[in-house]
Amino acid sequence: MSQHSTDPAPAPNTGLATVFGHRDWWRDAVIYQVYPRSFADSNGDGMGDLEGVRSRLSHLRDLGVDAVWLSPFYASPQADAGYDVADYRAVDPMFGNLMDADALIRDAHAHGLRIIVDLVPNHSSDQHEWFKRALAEGPGSPLRERYHFRPGKGESGELPPNDWESIFGGPAWTRVADGEWYLHLFAPEQPDLNWNHPAVGDEFRSILRFWLDMGVDGFRVDVAHGLVKAEGLPDLGSHDQLKLLGNDAMPFFDQDGVHAIYRQWRTILDEYAGEKIFVAEAWTPTIERTALYVRPDELHQAFNFQYLGTHWDAAELRAVIDTTLDAMRPVGAPATWVLSNHDVTRHTTRFAHDRALGTQIREAGDRELGLRRARAATLLMLALPGSAYLYQGEELGLPDVVDLPDEVRQDPAFSRGEGQDGFRDGCRVPIPWTRTGSSYGFGDGGSWLPQPEGWGDLSIEAQQGVAGSTLELYRTALAARRDHPDLGAGESVEWLKAPEGVLAFRRGGFVCVANTTGETVTTPAYGDILLASTEPTIADGETKLPADTTVWWTTG
Ligand code: GLC
């Protein structure tokens, strides 16, 4: 018998798990969010694109992340920067075409990076074929049943069908020419789909398969808590919806019915080899409610927005870390941690304020303080058990651009809101790659949002190889996470005694200490310093830990 025939049969295609290393890769993965509009522009039209992302994959590989989540790049009129999808199976020409998507997925894999795409199932664009037909065919059209069309209230139907408000401000209903109203929890250009209609579920199961067949490694599920609305669309009965959002049960969010959808989706994902994952964007009132989305037969991960919203304060951080770990343990899901994304003021700017109120900040604050805390917060986050999400540019310590002129802002909430929101453009400004040059290396044709003066000093070119730069801090931290299995793994932390305002915890042969106070504090020297966000001084077995600093120790 030839050598060939005695070889064991080739292993079934377990996909990328073998190429990428360990099984259950997602349990401690660091996942980097690319906002395609603002990452890199390959064709000089001022707008980032898929080819731009592909050409810069080596930056992500060198940074040391495990996967890339791409915000939507599908065919879209861009009423909400691509979260209004007109064709879920097409790439918008502004970002390229399906060949570019295919090349990006293949090249990312060749770089050892997985690709997670955004799925937007709560609403389509008003330019989606279904909605255009629903409007054209008029009341009674079967296509209207795929959305939430209703007659209005009042004598001649002149009032919206209920009292729900759009997250972007104003009523959640828009009246069409024939007198009916349709529901949109976001902008009027984003009509909500009716998930009670079987065609909607069929369509999204097919969309999942389309992208899985293209080779993607998972999906970030947009507004995962919104798909099912309470029976009969009952009034909220409150005019303070914004206060309730995220804190209270709402008739349009976090309804128990959403879980049946995710159980179905999970069976589809599990048919594919290679450990594909779902991550839920689910803003729920409590972490315990979030945990329901990541039960073993549902989604894999959910963003931890409670963590994102926590101040740089030891007691608050410890509480949210404990609550998170306690909530995830019973369902066997990894905790996730996140500090920034495309919807909130970057954490460098949030932490530049003593106690930033909310996640939409309009003042620069103390930039030096913000950066110092942001670096410390990153090291704390990357020492916690579970998976962490990074948002493009945070590895450069980018602040939010708080002074964009009103006329360039594109966030739909800016024009609809009443001052409470609409400042998301500040974290979406194209990132700087080079010190100088047209749009600091973003592309050859300017940038769709103006970059501020001095942006080049924060560029990758300016920071790489520079000891102590934020980019090198991230690179070293991510390399250490790979080298030290205690970082990232497991599902608990062992808290150590620490001065007020300081967090200290042990995880195997590793200790993390974070000083959230504005003063130097004295702590023990726990072993050898692996990494520090600001250099401490050590003498006689004691550590002088500077204000707003995190240190990683190896204890042997
Ligand atoms: C999610 C997205 C956000 C978008 C909204 C509506 O919250 O993260 O950017 O505006 O959904 O799709």
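Conventions and cut-offs
- Residues numbered from 1 in each chain as written.
- Predicted model: local features only at pLDDT ≥ 70, side-chain atom pairs only at ≥ 80, totals over all residues.
- Heavy atoms only, no water.
- pLDDT = per-residue confidence, 0-100.
- Contact = heavy atoms within 4.5 Å.
- Salt bridge = Lys/Arg side-chain N within 4 Å of Asp/Glu carboxyl O.
- Helix = DSSP H or I, 4+ residues; strand = E, 2+ residues; numbered from the N terminus.
- Buried < 20%, exposed > 50% of the residue type's maximum accessible area, 1.4 Å probe, protein only.
- Axes fitted to C-alpha atoms, helices over the stretch in contact; angles between N-to-C directions.
- Parallel < 35°, antiparallel > 145°, perpendicular 65-115°, else oblique.
- Left-handed = near helix turned anticlockwise from the far one by under 90°.
- Nonpolar A, V, L, I, M, F, W, Y, C, P; charged D, E, K, R; others polar.
- Phe/Tyr/Trp six-rings, centres within 6.5 Å; stacked < 30°, edge-to-face > 60°.
- Near = heavy atom within 4 Å.
- Polar contact = N/O pair within 3.5 Å; in protein donor to acceptor, adjacent residues only side chain to side chain.
- Areas by Shrake-Rupley, 256 points an atom, 1.4 Å probe, with all protein chains shown as cover.
- Core = buried A, V, L, I, M, F, W, Y, C linked by side-chain atoms within 4.5 Å.
- 1 Å grid on protein atoms, 1.4 Å probe; cavity = no way out; pocket = protein on both sides within 12 Å on 5 of 7 lines; lining within 4 Å.
- Points joined across faces, edges and corners; volume = space filled by probe spheres on them.

Student: Outline the confidence of the model for the chain, listing residues and values.
Tutor: For the chain, mean pLDDT is 93; residues scoring 70 or higher make up 95% of the total. Low pLDDT (under 50) marks residues 1-18, which in the prediction has 13 contacts with non-local residues, meaning those over four places away or in another chain.

Student: Please set out the pattern of salt bridges residue by residue, giving values where relevant.
Tutor: Applying the stated criterion across every chain, the model contains 36 salt bridges. One salt bridge in this structure joins D202 and R205, with 2.5 Å as the shortest N-O distance. With D202 and R205 both in helix α7 (residues 198-214) and three residues apart, the pair spans about one turn of that helix. For D202, a relative accessible area of 45% gives the class partly exposed. Between D343 and R428 there is a salt bridge, with the nearest N and O atoms lying 3.2 Å from each other. Taken together, the positions of D343 in the loop between β12 (336-338) and α13 (347-350) and R428 in the loop between α15 (412-416) and α16 (460-463) put the pair 85 residues apart, joining distant regions of the chain. Residue D343 is classed as buried on the basis of its relative accessible area of 14%. Linked through salt bridges whose partners overlap, the residues forming this network are D80, D343, D411, R424 and R428.

Student: Now, about the packing of α7 against helix α9 (residues 258-271): what can you tell me, with residues and values included?
Tutor: The N-to-C vectors of α7 and α9 enclose an angle of 25°; their axes lie 11 Å apart at closest approach. Looking at the two axes, α7 sits roughly parallel to α9. When the axes of α7 and α9 are compared, the crossing they make is right-handed. Side by side, α7 and α9 meet where F204, R205, L208, R209 and L212 of the first sit next to Q264, W265, I268, L269 and E271 of the second. Of the residues in the contact of α7 with α9, the class split is six nonpolar, one polar and three charged.

Student: Tell me what's going on with the packing of aromatic side chains, and back it up with residues and numbers.
Tutor: One pass over the structure, following the stated rule, counts 31 aromatic pairs. Centre to centre, the rings of Y307 and W337 are 5.0 Å apart; their planes meet at 70°, and the pair counts as edge-to-face. Of this pair, Y307 sits in helix α11 (residues 305-308) while W337 sits in strand β12, and the two are 30 residues apart along the sequence. Accessibility assignment for this pair places Y307 and W337 in one class, buried. Within the aromatic cluster, the residues linked to one another by ring pairs are Y88, W195, F204, F219, Y262, W265, F278 and Y293.

Student: Which residues make up the site of the ligand, and what are the values?
Tutor: For the ligand, the set of nearby residues contains 14 residues, the closest of which are D80, H123, D222, E281 and D343. Here an oxygen atom of the ligand sits 2.9 Å away from a polar atom, N or O, in the side chain of D222. Between H342 and the ligand, the recorded distance is 2.9 Å, taken from a side-chain N or O atom to an oxygen atom. Contact with the protein chains covers 96% of the free accessible surface of the ligand, which is 310 Å². Among the residues making up the shell around the ligand, the classes are represented as four nonpolar, three polar and seven charged.

Student: Help me get a handle on the nonpolar core, residues and values and all.
Tutor: In terms of nonpolar packing, the biggest core is built from 142 residues, with W211, F219, Y262, W265, Y307 and W552 touching the most fellow members. When neighbours within four sequence positions are excluded, F219 is seen to be in contact with I116, V117, L119, L208, W211, L212, L269, I277, F278 and V279. Core analysis: the second largest hydrophobic core is formed by 18 residues, I167, F168, A172 and A413 among them.

Student: If you had to explain the layout of surface pockets to someone new, which residues and values would you point to?
Tutor: Approximately 230 Å³ is the volume found for the second largest pocket. The wall of the second largest pocket is formed by 16 residues, among which R367, P399, D400, V401 and P452 lie closest to the centre. When the residues that make up the lining of the second largest pocket are grouped by side-chain class, the tally is eight nonpolar, three polar and five charged.

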